[in-house]
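# A structural walkthrough
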Amino acid sequence: MTASILFSIGAGILLVVGLIGAFVPVLPGPPLAWAGLLLSFFSKYNNISIAALIITGIIAVIVTVLDNVFPVLMTKKGGGSKAATTGSTIGLIVGFFLGPVGLILGPFLGAFIGELISSHGNMDTAFKSAWAAFMGFLCGTGAKLVVVLVYIWIYIASFFSA
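Residues numbered from 1 in each chain as written. Predicted model: local features only at pLDDT ≥ 70, side-chain atom pairs only at ≥ 80, totals over all residues. Heavy atoms only, no water.

This paragraph deals with the pattern of salt bridges. A full pass over the atoms with the stated rule returns one salt bridge. Between Asp67 and Lys144 there is a salt bridge, and its shortest N-O distance comes to 3.2 Å. Of this pair, Asp67 sits in helix α3 (residues 50-77) while Lys144 sits in helix α6 (residues 123-161), and the two are 77 residues apart along the sequence. Here Asp67 matches Lys144 in class, with each residue buried. (Salt bridge = Lys/Arg side-chain N within 4 Å of Asp/Glu carboxyl O. Helix = DSSP H or I, 4+ residues; strand = E, 2+ residues; numbered from the N terminus. Buried < 20%, exposed > 50% of the residue type's maximum accessible area, 1.4 Å probe, protein only.)

Within the largest apolar cluster, 14 residues are counted, with the highest numbers of intra-cluster contacts made by Leu15, Ala33, Leu37, Ile48, Tyr151 and Tyr155. Among the elements of the structure, α1 (3-21), α2 (29-41), α3 and α6 are those that each provide at least two residues to this core. Non-local contacts of Ile48, meaning those with residues more than four positions away in its chain, are made with Leu37, Ser40, Phe41, Leu53, Ile154 and Ser158. Ala84, Leu92, Leu103 and Ala133 belong to the second-largest nonpolar core, a separate cluster that totals eleven residues. (Core = buried A, V, L, I, M, F, W, Y, C linked by side-chain atoms within 4.5 Å. Contact = heavy atoms within 4.5 Å.)

What follows is about the packing of α3 against α6. The interhelical angle for the contact between α3 and α6, taken along N-to-C directions, is 170°, at an axis separation of 6 Å. With respect to each other, α3 and α6 are oriented roughly antiparallel. Residue composition of the contact of α3 with α6, by class: 15 nonpolar, seven polar and two charged. (Axes fitted to C-alpha atoms, helices over the stretch in contact; angles between N-to-C directions. Parallel < 35°, antiparallel > 145°, perpendicular 65-115°, else oblique. Nonpolar A, V, L, I, M, F, W, Y, C, P; charged D, E, K, R; others polar.)

Further remarks concern unusual backbone geometry. Residue His120 is not a glycine yet carries a positive backbone phi of 60°. Among the structural elements, His120 can be located in the loop between α5 (100-118) and α6. With a relative accessible area of 74%, His120 lands in the exposed category.

Okay, α5 next. End to end, α5 covers 28 Å across 19 residues, agreeing with the expected 27 Å (1.5 Å per residue, within 8%). When we look at burial in α5, the residues that qualify are Gly102, Leu103, Gly106, Pro107, Phe108, Gly110, Ala111, Phe112, Gly114 and Glu115. On its buried face, α5 is in contact with α4 (82-96) and α6. Backbone geometry just downstream of α5 places His120 in the positive-phi region, at approximately 60°. (Expected span 1.5 Å × (residues − 1).)

The next point concerns the packing of aromatic side chains. Within the structure shown, the criterion is met by six aromatic pairs. Seen in terms of ring centroids, Phe108 and Phe127 are 5.7 Å apart; in terms of plane orientation they differ by 75°. Their pairing is edge-to-face. Here Phe108, found in helix α5, pairs with Phe127, found in helix α6; they are 19 residues apart in sequence, far enough to count as distant. We classify Phe108 as buried; its relative accessible area is 16%. Centre to centre, the rings of Trp131 and Phe134 are 5.7 Å apart; their planes meet at 45°, and the pair counts as tilted. A residue pair is termed a helical-turn pair when its members lie 3 or 4 positions apart in one helix, as Trp131 and Phe134 do in helix α6 at three residues. Residue classification places Phe134 among the buried residues on the basis of a relative accessible area of 11%. (Phe/Tyr/Trp six-rings, centres within 6.5 Å; stacked < 30°, edge-to-face > 60°.)

If you want it as structure tokens, here you go:
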């Protein structure tokens, strides 16, 4: 097997892992997918330009930063505390082990419980904070998913244009 084949296969694997990372909090989806594009740059079976690598690299950094900022900003906008944000993160991790429904409900329930404890049982504040944290999670996850899918499209298109 030549190095070009290995680079192209490795790039595809990194892109798939990046796609999984768009949903799983412990995997940095866009940076992994970008690493796949970078690896495919060195394969003769893909045709990716330096400009495309630079632009997609900048986008990966921006989306990764925003993914960490969205839940905090949205939770604060919803009147929530740091406890709601922490609870949302814990709920996301626990929800990961419960499948797709857990990934969706985990951040909401975690933020709700965190804010409920922090606000000494104020249900209205807890619900508003939980909803805001959930919306922040959806915004971050949605942005990561779109970016990684575009990277996969670039990889596939570059394969057929090489």
